[in-house]
Amino acid sequence: MSTRALRRLKGKQRGQEALDFGDLTLGDSPGQQAEGEEEQLDTDGVSPPSSRNGSSRKAKKNKDRKNISNIYELICDAEKDADKSSPEEDSEKPDGNKPTDTGHHAQRDAEDSQKREELSSKSLSGVKKKKKKKKTKLASENGQEAIPDENIDLLLENLEQSNGLSLKNEDCAGLDRRAALHVEHRNLNPETELKRYFGARAVLGDQRPRQRNRQFHRSTWMTTPKDSWPRFSRPGISMILLQSKDGAQHFTFEHGRDYQQVQFKFLDAVESMDPNNIVALLQLNPYHIDSLLQLSDVCRIQEDQEMARDLIERALYSFECAFHPLFSLTSGTCRLDYLRPENRAFYLALYKHMMFLEKRGCPRTALEYCKLILSLDPDADPLCMLLVIDYLMLRSRQYQSILQLYQDWEEHRNLSQLPNFAFSTALCHFHLSQQEDMEPEENVKQKCKADQMLQNALIMFPGVLMPLLDLCTVQPDASVTSHAFFGVRSQIGQPPALAELTSLYVGRTYTLWREAAVMLWLEESVQEVLRRVDAKDPLVEDCENKRKQRYQSAPRNIHRHVLLSEIKEATSSLPLEVTTQPVMGFDPLPPLDSVVSYTQPERQHVGASNESTLSLFFRSLLPNFNLQGGQRLEDDMEVARAGQELNQEVNRLMVAMRDMLANIRFQEPPREDNPYRDEDEWD
């Protein structure tokens, strides 16, 4: 290896410091310089006095340069020096093969120092360029996204679109339903809302998990397993994926063979009309869904609300443990067909849980479950969640959400033709106009829009006003009661379906209209409507024609919603064909075109005709007892017809008894403190 290469290596070990020409000794011969270089190579780490002096001068220069505030100016100067030294290097490269003397040796040393400075400047500039490249790379990545990190909904939407899970459907006319049906996991827990109202300490208290005899349950989103629940074992329910179509995944629940046998026993227990049989069945099968739903209704009628809610939560826990790995509560693309009896129990459990949450004072959590039910089948909407979602949004003060839902769904669902949306959107604009954090011009704009929408709603549905004022215990003005537009004729002349919808809305949301400011705003709008009616506004006649042509008969899902709501004002307006048929709590008003996967084996029922008293006695003990053997088909038809009539009469009797018990008022007679006291005793 040449001495020049060794000198370069030695220079790198010394930190690539530039040599000072003032320290070079020109009087030494080349042989002495070579010996000095060999000594430098032999003694690592020991520098001659000349190098020490050069290093001290270099340190002084570095101290002077450290006073410069911009460190990148140093890099720019180094680059300029490197550019200036490059032509000198090009001119001196051919002379490198000449014999070495002291001048040439000094020139080579100067060359080495310039090369070292050039290498150092290149390394610094390389650091700068790398930093610039990193910054540009980050900027390009952020530019591709073009979405702020705070907007999580758009990020999730882009992620799903990249996976091929678009939320748009042909029936929606290309509208995006994600804004209306998006569900968040944290909002499914009522403790989240209660903590926001009362604080974590008030909600949780000093709850500490018990380590002894503690059962380990699977963590779920909808419910929190309790230690008082029976040990969970799979009851025989599973979920399968049927198909993926138009960006939506269609699932269904399945019952195993053992679960089907338990279901047959449950149907027999329901026919016996004895709740104790359902209790006995639950003791053997603690997570049978229909038994939990039916017994929950029994506990609720007996005013045991805590037990009724606990049974519903246990049913939801059993369902969630059977979910398919691809089934998601928050995606909005998972579908369940209500026509299948196995799926109906999940709908009903969610609905009953939602009602319990609303009564508990958690409207925000109830709204999340309402959106979840609606997302399972938004086209058919088997439980008519559109009749209750506006009320829950108003209760939870989600004013922008209800306006967004109305804007997105009005084109393909005609939400303005429903009384609840016609009045709720107007009330929503009124509440927005009362907010203090908005600008005055925006408040005036919202108030004008609220006035216009409320007046149009009153003109389209005049039968809402008088029942609403009656439930709010407000005495209307004489000019309103005497006017034909809001009088008795508006109540009697309503089509049956419209009367059902208006009574449902009034019975559910009258508490939202009791506020003093809302009532004053309603009074002003009523006076303006009367002025427009007297002025022969063409909108009045147009709305009257629409009411006559539409709302003649309500679909079956609206009747089902009214039965589940249990609002007395709405159930009294149900048609006779609904009230006369038996309604089961585990499956109210099943669809007429149900998709049945399995049926209960037929049991030979023996008629009551031509039987002795002894035969009837044994029949009461053993339902399958048959003394006479066979029976004719005509007798079966007569027995079935008689049983149907008996069920109708029993239902009518139950409704009458329920109304009678609800209207009973006990009043104690007045009594004196001492009726036997003699009045003249102390005279």
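Since the model is a prediction, treat every value here as computed from it, not as a measurement.

Quick notes on the rules
Within any chain, residue numbers begin from 1 and follow the written order of that chain's sequence. A pLDDT threshold of at least 70 governs which residues receive local features in this predicted model, and a stricter bar of 80 or more applies before side-chain atom pairs are shown or counted, although totals over entire chains, interfaces and linings include all residues. In computing side-chain properties, one takes all heavy atoms of the structure into account and sets aside hydrogens as well as water. In this text, helices come from DSSP runs of H or I with a minimum length of four residues, and strands from runs of E with a minimum of two, each type numbered from the N-terminal end. When a residue's accessible area, from a 1.4 Å probe over protein chains only, is under 20% of the maximum for its type it is buried; when over 50% it is exposed; and in between it is partly exposed. Throughout, a residue-residue contact means that at least one pair of heavy atoms, one from each residue, lies within 4.5 Å. Every accessible area reported is derived by Shrake-Rupley at a probe size of 1.4 Å, with residue values counting cover from the shown protein chains alone. The length a helix should cover is 1.5 Å for every residue beyond the first. DSSP calls a pair of strands paired once it identifies at least 2 bridges connecting them. pLDDT measures how confident the predictor is about each residue, on a scale from 0 to 100. We call two N or O atoms a polar contact when they sit within 3.5 Å, provided that within protein one can donate a hydrogen and the other can accept it, with sequence-adjacent residues counted only if both atoms are side-chain atoms. Angles shown run from 0 to 180 degrees and are taken between the N-to-C directions of axes, each axis being a line fitted to C-alpha atoms and, for helices, limited to the stretch in contact. Angle categories are assigned with fixed cut-offs, so that under 35 degrees is roughly parallel, over 145 is roughly antiparallel, 65 to 115 is roughly perpendicular, and the rest are oblique. For a crossing to be left-handed, the near helix must be turned anticlockwise from the far one by less than a right angle; the clockwise case is right-handed. A pair is scored as a salt bridge if a Lys or Arg side-chain nitrogen falls within 4 Å of a carboxyl oxygen belonging to Asp or Glu. Note on aromatic pairs: the rings of Phe, Tyr and Trp (six-membered ring only in Trp) are paired at centre separations within 6.5 Å, and the planes decide the class, stacked below 30 degrees, edge-to-face beyond 60, tilted for the rest. As used here, the term nonpolar core means buried Ala, Val, Leu, Ile, Met, Phe, Trp, Tyr and Cys residues forming a set that is joined through side-chain atoms within 4.5 Å. The sign given to each residue is positive for Lys and Arg and negative for Asp and Glu; His and the chain ends receive no count.

Engineer: So what exactly am I meant to see when it comes to the overall build of the protein here?
Structural biologist: A count of helices and strands for the protein gives 30 helices and three strands. For the protein, with 683 residues in total, the buried portion stands at 38%. Long-range pairs, those at least 24 residues apart, make up 73% of the contacts in the protein with a sequence separation of at least 6. When the accessible surface of the protein is split by element, carbon and sulfur atoms take 51% of a total near 41700 Å².

Engineer: Sorry, what's going on with helix α18 (residues 419-433) here?
Structural biologist: Owing to its 3.6 residues per turn, the α-helix brings residues three or four apart onto one side. Over its 15 residues, α18 extends 22 Å from the first C-alpha to the last, a length consistent with the 21 Å expected when each residue adds 1.5 Å. For α18, a buried count of 15 out of 15 residues is recorded, marking the element as mostly surrounded by other parts of the structure.

Engineer: When you look at unusual backbone geometry in this model, what are you seeing that I'm missing?
Structural biologist: A negative phi angle is the norm for most residues apart from glycine, just as the trans form is the norm for most peptide bonds. With phi around 60°, M273 is a residue other than glycine that occupies positive phi space. Judged by relative accessible area, which is 65%, M273 ranks as exposed. Backbone geometry at Y551 places phi at a positive 60°, although glycine is not the residue there. By the secondary structure assignment, Y551 is in the loop between α25 (538-549) and α26 (556-565).

Engineer: Honestly, the pairing of strand β2 (residues 248-255) in this entry has me stumped. Any pointers?
Structural biologist: As a general feature of sheets, a regular strand has side chains that alternate between the two faces. Here β2 lies mainly inside the structure; six of its eight residues are buried. Two elements, strand β1 (residues 237-245) and β2, share eight bridges in a ladder whose sense is antiparallel. Within the sheet, the bridge partner assigned to L241 lies in β2 and is F251. With antiparallel pairing between neighbouring strands as the criterion, β1 and β2 make up a hairpin whose turn holds two residues, including D246 at a positive phi of roughly 55°. As paired strands, β2 and strand β3 (residues 334-336) are joined by three bridges and run parallel to one another. Bridge pairing in β3 places F251 opposite L336.

Engineer: I'm lost on the confidence of the model for the protein in this one. Help?
Structural biologist: Regions with low pLDDT carry predicted coordinates that are not meant to be interpreted in detail. Across the protein, pLDDT averages 75, with 60% of residues at or above 70. Scored below 50 in pLDDT, residues 12-106 shows 62 contacts in the model against residues more than four places distant or in partner chains. Per-residue pLDDT stays below 50 along residues 122-150; that stretch engages in 11 contacts with residues further than four places along the chain or on separate chains.

Engineer: Explain the environment of T579 to me, please; I cannot follow it from the model alone.
Structural biologist: Following the sequence through the fold, T579 ends up in helix α28 (residues 576-579). For the pair T579 and H559, spaced 20 residues apart in sequence, the C-alpha to C-alpha distance is 9.9 Å. With residues up to four places along the chain from it excluded, the contact list for T579 reads L574 and N651. Side-chain polar atoms of T579 contact the backbone oxygen of L576, separated by 3.3 Å.

Engineer: Which parts of the structure should I look at to understand the packing of helix α23 (residues 496-509) against α26?
Structural biologist: Packed helices, taken two at a time, are described by the angle between their axes plus the distance between the axes. Interhelical geometry of α23 versus α26 gives an angle of 30° and a closest axis separation of 11 Å. By the angle class used here, α23 and α26 are roughly parallel. For the pair α23 and α26, the sense of crossing is left-handed. On the side of α23, the interface is formed by E500, L501, L504 and R508, while α26 contributes I558, H559, H561, V562 and S565.

Engineer: Quick question: what am I supposed to make of the pattern of salt bridges here?
Structural biologist: This structure, assessed with the given rule, holds 15 salt bridges. Residue D297 is joined to K352 by a salt bridge in which the shortest nitrogen-to-oxygen separation is 3.2 Å. Of this pair, D297 sits in helix α12 (residues 289-301) while K352 sits in helix α14 (residues 341-360), and the two are 55 residues apart along the sequence. A residue is classified by how much of its surface remains accessible, and D297, at 9% relative accessible area, is buried. With relative accessibility at 12%, the residue K352 sits in the buried group. With a shortest N-O distance of 2.8 Å, D587 and R344 are connected by a salt bridge. You can see D587 sitting in the loop between α28 and α29 (613-621) and its partner R344 sitting in helix α14, a full 243 residues away along the chain. Here the salt bridges do not stand alone but share partners, grouping D297, R300, K352 and E566 into one network.

Engineer: Would you take a moment to explain the environment of E191 for this structure?
Structural biologist: Assignment of secondary structure puts E191 in helix α8 (residues 190-198). Judged by its relative accessible area of 30%, E191 falls in the partly exposed class. Once residues within four sequence positions are removed from consideration, E191 is found in contact with V203 and L204.

Engineer: Sorry, what's going on with α26 here?
Structural biologist: With eight of its 10 residues buried, α26 lies for the most part within the structure. Within α26, the full set of buried residues consists of N557, I558, H559, R560, H561, V562, L564 and S565. Residues of α26 that are buried sit in contact with α14, α23, α27 (568-571) and α28. E566 occupies a position one or two residues after α26 and carries a positive phi of about 60°.

Engineer: Any chance you could explain the sheet that holds β1 here in plain terms?
Structural biologist: Strand pairing in a sheet relies on backbone hydrogen bonds, with the paired strands running either antiparallel or parallel. Read from one edge to the other, the open sheet built from three strands follows the order β1-β2-β3, with strand pairing classed as mixed. One side of each edge strand has no neighbouring strand; the edge strands of this open sheet are β1 and β3. Direction aside, the axes of adjacent strands within the sheet are offset by 35° on average. Relative to the sheet, α14 contacts β2 and β3, its axis offset from that of β2 by approximately 105°.

Engineer: Is there a simple way to think about the packing of aromatic side chains in this case?
Structural biologist: Using the criterion set out here, one finds 20 aromatic pairs in the structure. Between the aromatic rings of F232 and Y287, the centroid separation amounts to 5.0 Å while the plane-to-plane angle is 80°, which identifies the pairing as edge-to-face. Taken together, the positions of F232 in the loop between α9 (200-204) and β1 and Y287 in the loop between α11 (275-284) and α12 put the pair 55 residues apart, joining distant regions of the chain. With a centroid separation of 5.4 Å and 75° between ring planes, the pair formed by F232 and Y317 is classed as edge-to-face.

Engineer: I keep staring at the nonpolar core and nothing clicks. Help me out?
Structural biologist: Generally speaking, a soluble globular protein has its nonpolar side chains buried in company with each other. Of all hydrophobic cores here, the largest spans 125 residues; its most connected members are F346, M354, W513 and L522. Excluding residues that lie within four positions of it along the chain, M354 makes contacts with A366, Y369, C370, M385, V388 and L392.

Engineer: Looking at this structure, how should I read the side chain of D290?
Structural biologist: Note on placement: D290 falls in helix α12. Within the buried core, D290 has no salt-bridge partner, and the shortest N-O distance to an opposite charge, that of R344, equals 9.1 Å. Looking at D290, its side chain comes within polar contact range of the side chain of Q263, at 2.5 Å. Ignoring anything within four residues of it in the chain, the contact list for D290 reads Y259, Q263, F266, A345 and F586.

Engineer: What am I meant to see in the environment of N276 here?
Structural biologist: As for its placement among the helices and strands, N276 is situated in helix α11. Residues N276 and L295 lie 19 residues apart in sequence; the distance between their C-alpha atoms is 9.5 Å.

Engineer: Before we go on, may I ask you to explain the side chain of S503 in this structure?
Structural biologist: Note on placement: S503 falls in helix α23. The exposure class of S503 is buried, given its relative accessible area of 15%. Within the local environment of S503, its side chain forms a polar contact with the backbone oxygen of E500, the two atoms lying 2.9 Å apart. Sequence-distant contacts of S503, defined by excluding residues within four places in its chain, comprise E569, A570 and S573.

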